[in-house]
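Architecture at a glance
Here is how the chains run, residue by residue.
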Amino acid sequence: MTALAQTPALTAAAYKSDYRPVWCPGCGHYSVLSSLTKALAELGLQRENVAVISGIGCSSRIPAYTSVYGFHSVHGRALPVATGLKVARPDLTVVVAGGDGDGYSIGGNHFLHACRRNVDLTYLVMDNQVYGMTKGQASPTTPADWDRSKLTPHGTGVSPFHPLAVALAAGANFIARCYAGDPNGTARVITEAVRHPGFSMVQILSQCVTYQPSQKEWKTTVRKADVTTTRDAVRAARWLMADDGLSTGVLYIGHRPIYRPELQASCSVDDLESGFVV
Amino acid sequence: MTALAQTPALTAAAYKSDYRPVWCPGCGHYSVLSSLTKALAELGLQRENVAVISGIGCSSRIPAYTSVYGFHSVHGRALPVATGLKVARPDLTVVVAGGDGDGYSIGGNHFLHACRRNVDLTYLVMDNQVYGMTKGQASPTTPADWDRSKLTPHGTGVSPFHPLAVALAAGANFIARCYAGDPNGTARVITEAVRHPGFSMVQILSQCVTYQPSQKEWKTTVRKADVTTTRDAVRAARWLMADDGLSTGVLYIGHRPIYRPELQASCSVDDLESGFVV
Amino acid sequence: MSGDTVSIAISGAGGAGVMTAAQMLLDAAAKAGFYGLMARSSGPQIRGGEVAAFLRLGSRPVECLDDRFDVMVALDWLNVERFAGEIVLDGASVVLCDADAGEAPERIRASGAQLVPLPLQETVKNLPGGRMNMLGLGLLTGLTGLPEDVVGGVVAKGLKKRGQEVLDAGLAGVRAGMALVAASEVPACRLGSSPPAVAPRWNISGNEAAGLGCIRGGIRFVAAYPITPATEILEWLAPSLEKVGGVLVQAEDELASINMIIGGSFGGTPALTATSGPGLALMMESIGLAVASETPIVVIDVMRGGPSTGIPTKSEQSDLNIALYGLHGDAPHIVTAARSIADCQFTAQWSVHLAEQLQVPVIVLTDQSLGQSRAIVDRPADLAFIGRREMPVAGVTGYQRYALTASGVSPMAIPGIPGGEYIADGLEHAVSGRPSSGNEDHSAQLDKRARKLELFDYGDHWADVEGDGPLAIVTLGSCSGPVREACARAKALGIATRLISLRLLAPAQEDRFAKALEGADRVLVVEQTHSKQFYRYLRAHYDLPRDLKVLSRPGPLPIRPGEVFDCIKAWS
Amino acid sequence: MSGDTVSIAISGAGGAGVMTAAQMLLDAAAKAGFYGLMARSSGPQIRGGEVAAFLRLGSRPVECLDDRFDVMVALDWLNVERFAGEIVLDGASVVLCDADAGEAPERIRASGAQLVPLPLQETVKNLPGGRMNMLGLGLLTGLTGLPEDVVGGVVAKGLKKRGQEVLDAGLAGVRAGMALVAASEVPACRLGSSPPAVAPRWNISGNEAAGLGCIRGGIRFVAAYPITPATEILEWLAPSLEKVGGVLVQAEDELASINMIIGGSFGGTPALTATSGPGLALMMESIGLAVASETPIVVIDVMRGGPSTGIPTKSEQSDLNIALYGLHGDAPHIVTAARSIADCQFTAQWSVHLAEQLQVPVIVLTDQSLGQSRAIVDRPADLAFIGRREMPVAGVTGYQRYALTASGVSPMAIPGIPGGEYIADGLEHAVSGRPSSGNEDHSAQLDKRARKLELFDYGDHWADVEGDGPLAIVTLGSCSGPVREACARAKALGIATRLISLRLLAPAQEDRFAKALEGADRVLVVEQTHSKQFYRYLRAHYDLPRDLKVLSRPGPLPIRPGEVFDCIKAWS
Ligand SMILES: Cc1ncc(C[n+]2csc(CCOP(=O)(O)OP(=O)(O)O)c2C)c(N)n1
Ligand SMILES: Cc1ncc(C[n+]2csc(CCOP(=O)(O)OP(=O)(O)O)c2C)c(N)n1
Ligand code: SF4
Ligand code: SF4
Ligand SMILES: [Mg+2]
Ligand SMILES: [Mg+2]
């Protein structure tokens, strides 16, 4: 890890495994994989010093398609697994990746507390506004009138979750939105997010061509945000409350302290015993 | 239930049970109990048509001290229990009550989704910025430098959770803060919250005299908010992001549709079988 | 052909329409008066990967797949080795494949099956708008001898929404397939004569049957979170509940769904959730709340391969342990298991009845192989099981929610009943519901909660007991079909067995079990787990003869009738 | 006085300082060379309610409370009936109480104990700054004959932070108490002569001992969510870990804590969480993830009364089922149980060792009566158990995380090791870690995960086996103390027994158990559950003699040595 200069830089391709993804042809998650590996190359990280942690979902399959360390854990728990890893091993670069169902539905509590705790993690949410893996049910980001799931035959009737507004309110310090249709732009944002100390929230619009075919329209509707990155939370809040969910860019960078406990021994285990001696 | 006019109005005392609370003398939760029973009297509700649902914590003991229906469920799950009850029985008045630990820590995901789903519930969070029941650990709303728990001997090092800002970002439509030291004011807000259709979020500063004795100072520091209720979410967001957590009042009322599925049969069970006939 | 059934496998790329063809074949067989079963298997790709359909058709009800296949139709060879373990072929099997698709994979060739290459692609190319799967359906129509008009009717019904052109192409495909078979040397594989249909039959999946049983039992509130292979229960329930005045809420997670149904049931509405292993694990804390607060709920667990995320799309019975024992504290509850696709309805409906009657959570075990398979079955008899809760009357005085009754069941007040106001509690409590940590209250409530389950008369529904041979085969759930068939084969050889298939797993029925076992000197336990969970459970609760064997294997491959039969034969 | 110990109960209002006095008495006894045990009980009030301390002091190690109390000191009568079941008095007991506090409650009077009213309030009133509890300490100093200077030293240490005035008042109170006893007719209740202390002794609670064992075993990362009665483990660990270069993270819930430790352990740091029943229930899904992904973790479950929220402050052994069986799928893992306060250290340390060695989750069972009680014990011997994980070397090529080794244990790469990159997975997988739903991979991995636990040599630590009588008493956890004492009493009567106290509950040790049972023709199972969970588990896995009895009772009252002894006697 210290001998960084001597180890040769790797290409993006070197961060990919040779497993064939289970994804449908045209799925946005392929691009996210490309963006992630590009970012890792750009960052010049050694494979053994990176870990990609995920939950369960089509999106959460991503670690297996990289050649770094990783954990494909259980549905909704990617953030705590990653938090434990990073706190115990602050020397590693830890990227968390998953879907909107994994992150905002079953994983919502960890999302709230990860924003708040501010451990140095980069969280990539591959948001397709649907549960792809279980064949197309509404997720928290699904529009209220989407009626293509038999579970919600008249639509959910519930306003969609606004992940970035919640992230901001919960205390996140780096807030960005990307689009899988722009893999280079996404790679740049991921690079910036990894470099940002503390928790970085990156929402990536990543189309589900199978269960949300209308997301193909994102090609024309998604655009760069008409603001530059702000460091003012109130301003970011105002902007996000009015946002339509389709503008991309790094929207907010804050300056709260990061959570990184020292792991320095100051005494031996034997010394602990003295407290018990009669 | 239809014979409302004939049934005599009840006093606040009639909504109290004769069990002695387990609470410490001086605990803010006593006042919340008073405010709740006052509000029920003001609303003129019949006991059998009200249910108070809670999780686990000192605050969550509150249902047993009322004389209405109630459920003292498990830690963190008051909101889903209440949601199920209200959706299945829209005729009832359902109040949810609990602590900051119960609601924002273990219950955080349900909090997010209750705000979003907008079922007609009134949620009273008796916030004392500590886990009282388990003898004084930091909760999400505990100040970052509070070092009186052995679990976090140097303080949590984590910025406190801002429940009302998160509620707003998550889509809550009625957002208020009260103080247990002002039981009449709190009763008025609870009354308004119950009358508000949809999910109402009421944070009640309720001192823990045992583990957060400095909260006795709330007597002098808590004050009415210097704004009137807004119906503009962007304005509410701006105000909340800058708020110090000590001003009280109904801060925001929105107008999102409530979630209340129809429970009207349109066919018999036998009719369902026709789909299977060869 | 094993006895009176024909077993057929169809495989191909996901886009090839394997499932559509298989479903149409099943429908056509049903229309023609036959019974049948259809299961499916697919590779890891979310869409567009390889897929296989397994059918077994016959003139008597079919409860499981056969040991082997009579016919395989390979629309292409895409990753067909993935199904090697599932598509068992032998020298008597026939494999119809495309003459232009290249050589058959090694495993297929090694099976000794008769390979019949036919010009499939070529034929399809020459049909305007032709599709492989319709051609395949035609091949199977020809082979099985199903009436062309019946198959045509099914195709017409299935494709009519897609316009006349598509429909015509489909029918042309079927005819072309039939013609290919007629022109070839393929040995026929005819279905016998179809039995007279006394009453209308149903085409139903285990998941749908479970949903129907629940609604029949009285369920009107469902909260759930999607999970494979339970989702179809929810997909059927959501629109169906709506029609009968109920509702399904899609919850944010399983912690929410289990607690929502506890709330709904507290409000007096019989309530249910359905899930699979990982979701069930998340629900355990709150199922305990339902035990302690005596709130009736029903939880269907459609088991899949474990542990952890395991194998979501494949079957196993390995959630038995968690269902029986997965609650903290002493938490008596009921566990039932459905033993066939049709029985999913019976067991679900009975379970709702038990939950409501005994104010207790009931965990209903089914599995992927029941839930996601379809069968043609006789319309089930109407059942009298309706959830009925004992309640106090309005205006009751001195009401005590957790009163110590002889039966252990205490009348349960429902919000809206004046005088019944009480606080349901997961803390230990006195009879009133008031929290108590006292020794007497704890013992009295523990006794009461155990007593109500012990004293209840579950009648004959606790198990299916068939035959009275000296060798008893004790099994559960989806293993019951293969075991029943093995017993029939044994009987044909003059070997007398008895089948004991448990529907009620907990509470244990010591006396009934002992009676069912009377005169049996040997026991064979059949289950689909790795660690012999069912056998261990039986040991813990029942007296078993020393002479005992266990046939236990994990998923994903199903237990086949032949395996069980071999065990019986070897032991006779 | 039962044998060589003295049993003392102190009760009073929460504010009266009962616990302070009791702790000082225990400390003083320890300083004077005695062993002892202290437990506590309190009513439902969060603060200021009634509270009772139970002490047992003696010249030999004490592992459990006695059947009855020699002395009760009632500082007042506040709700003392609440403790009726716990404070067992008889005609030989002495109750010191305040002459002005009114009549003793009925239950106390009915016990036949000798009531000794003394002018307690009056005496305190006449001492400037006097406090009831210091007076009580004085009474007990007088009664037990503990040296005044030793008690004075303990009081000085305890009160010195609070200023000279408070200290002086405290010492005056002690002297006044001694004087009251000296002036009264109270029969003395002296501790024998104190044994020579060969080595320094410890004053430690079970929760602290468990924490120490974990750190000694190598735990350096802890994530947890507070819950009674496990919180003290965390309270001791948080500052202690910090000193040895580790860290404790307070998580948002138990779902987070269990997954955080999985992440920490994946990173190579031995990791732990501690909880109680409701929290354990929430963790089950992810403990399954640790099984499937072969990630070592340790989960301590300090059991309390169940089901559901149950009785959080009281002891029971009823989480046995969930610990053994609460995972979905076939999920082999290890379950251990600590059999005394001191053994919490041994068992915790050994459990860390097993988890790391076998890359598996270990659930360690202790309970409220061990965790929240303090004992004076000999300093435990140093143990050689350190968590050591088999790892591949840096630069390894063709690394396969889940390789099929003979032992079932595969070298586990840790991030930072080049060439070891792999994806840990809860989906079933091939040896490489790549997801696979194939039959062969599933079977191979299930076999491997079972094999590594079955083949490991757990040595003699699996159980304590003492004696070789024909009556074997099989028990676990905190029941071991009372059973051991009952066996000693039986021996004194010439009745030979053997004690088998299991430390390793799962995997079952069939051969070792059979060997331990050799020559025993009767078995008495002793446990603290309502539904005989331990007995059922033993039946499921071990061959037991027909001649078998079960002594099983739920909490909150502890199993007393006398109850076990009565069973033994009645059966001999
Ligand atoms: C505890 C649990 N509940 C439910 C599931 C089923 N499940 C698997 S993935 C998934 C949703 C995935 O959606 P998302 O995270 O948005 O990912 P996508 O497939 O859309 O990329 C669900 C509900 C599960 N595996 N575990
Ligand atoms: C699953 C579970 N985890 C932990 C606990 C322990 N517990 C009980 S109450 C509580 C915190 C209560 O804090 P809060 O909700 O703020 O209520 P307060 O006591 O402060 O009013 C905790 C952690 C539990 N009962 N169940
Ligand atoms: S189902 Fe949707 S999210 Fe899943 S792989 Fe296919 S396109 Fe992608
Ligand atoms: S501990 Fe705190 S919150 Fe609990 S009852 Fe006492 S004062 Fe109230
Ligand atoms: Mg998604
Ligand atoms: Mg609190």
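Please read these numbers as outputs of a predicted model, since none were measured by experiment.

Each value, and the rule that gives it
Residues numbered from 1 in each chain as written. Chains lettered and ligands numbered in written order. Predicted model: local features only at pLDDT ≥ 70, side-chain atom pairs only at ≥ 80, totals over all residues. Heavy atoms only, no water. Near = heavy atom within 4 Å. Polar contact = N/O pair within 3.5 Å; in protein donor to acceptor, adjacent residues only side chain to side chain. Areas by Shrake-Rupley, 256 points an atom, 1.4 Å probe, with all protein chains shown as cover. Helix = DSSP H or I, 4+ residues; strand = E, 2+ residues; numbered from the N terminus. Nonpolar A, V, L, I, M, F, W, Y, C, P; charged D, E, K, R; others polar. Donors = N, O, S within 2.8 Å, 3.2 Å for Na, K, Ca; no water. Buried < 20%, exposed > 50% of the residue type's maximum accessible area, 1.4 Å probe, protein only. Contact = heavy atoms within 4.5 Å. Domains from an automatic or database assignment. Buried area = accessible area lost by both parts, 1.4 Å probe. Core = buried A, V, L, I, M, F, W, Y, C linked by side-chain atoms within 4.5 Å.

Regarding the site of ligand 1
Close contacts around ligand 1 come from 24 residues, with Cys58, Ser59, Asp100 and Asp102 of chain A together with Glu254 of chain C the closest. His29 of chain A is positioned with one of its side-chain polar atoms (N or O) 3.0 Å from an oxygen atom of ligand 1. Protein coverage of the free-state accessible area of ligand 1, which is 590 Å², stands at 98%. When residues of the shell around ligand 1 are traced back to their parent elements, those giving at least two are helix H3 (100-106) of chain A together with helix H10 (277-293) of chain C. If one sorts the elements of the shell around ligand 1 by residue count, H3 of chain A sits on top with four residues. Considering only residue class, the shell around ligand 1 consists of eleven nonpolar, nine polar and four charged.

Focus: the coordination of the magnesium ion (ligand 6)
Residues and elements named next belong to chain B. Listed as protein donors to the magnesium ion (ligand 6) are Asp100 (OD), Asn128 (OD1) and Val130 (O); their distances from the metal cover 2.1 Å. On the primary sequence, the residues serving as donors to the magnesium ion (ligand 6) are separated as D-x27-N-x1-V. With Asp100 in helix H3 (residues 100-105) and Val130 in the loop between strand E4 (122-127) and helix H5 (163-170), this pair connects stretches of sequence that are 30 residues apart. By relative accessible area, Val130 is classed as buried at 2%.

Observations regarding the environment of Ser159 of chain A
Following the sequence through the fold, Ser159 of chain A ends up in the loop between strand E4 (122-127) and helix H5 (163-170). Here the alpha-carbon distance between Ser159 of chain A and Pro143 of chain A, two residues 16 residues apart in the chain, equals 6.8 Å. With near-sequence residues (within four places) excluded, Ser159 of chain A lies in contact with Ala144 of chain A together with Arg116 and Arg256 of chain B. One polar contact links Ser159 of chain A to Arg256 of chain B, side chain to side chain, over a distance of 2.7 Å.

Re the domain arrangement of chain C
Residue and element names in this part refer to chain C. On domain assignment, one finds that chain C holds domain 1 (5-183), domain 2 (202-378), domain 3 (390-456) and domain 4 (462-571). Averaged C-alpha coordinates put domain 2 and domain 4 at centres separated by 25 Å. Every contact between the two is made by 25 residues of domain 2 and, on the other side, 27 residues of domain 4. When the area that domain 2 buries against domain 4 is broken down by residue, the three leading residues are Gln317, Leu320 and Arg339, summing to 35%.

Describing the site of ligand 3
Lining the immediate environment of ligand 3, one finds Trp23, Cys24, Cys27, His29, Cys58, Asn128, Cys208, Val209, Thr210 and Tyr211 of chain A together with Ile46 of chain C. More than one chain reaches ligand 3: its neighbouring residues belong to chains A and C. Residue composition of the shell around ligand 3, by class: eight nonpolar, three polar and no charged.

Observations regarding the nonpolar core
The biggest cluster of nonpolar side chains holds 360 residues, and the ones touching the most others in it are Leu502 of chain C together with Leu502 of chain D. In contact with Leu502 of chain D, other than residues within four places in its own chain, are Ala337, Trp462, Ala463, Val474, Thr475, Leu476, Phe513, Phe534, Leu538 and Tyr542 of chain D. If you look at the next biggest cluster of nonpolar residues, it comprises 54 residues, including Ala30, Val73, Met132 and Val151 of chain C.

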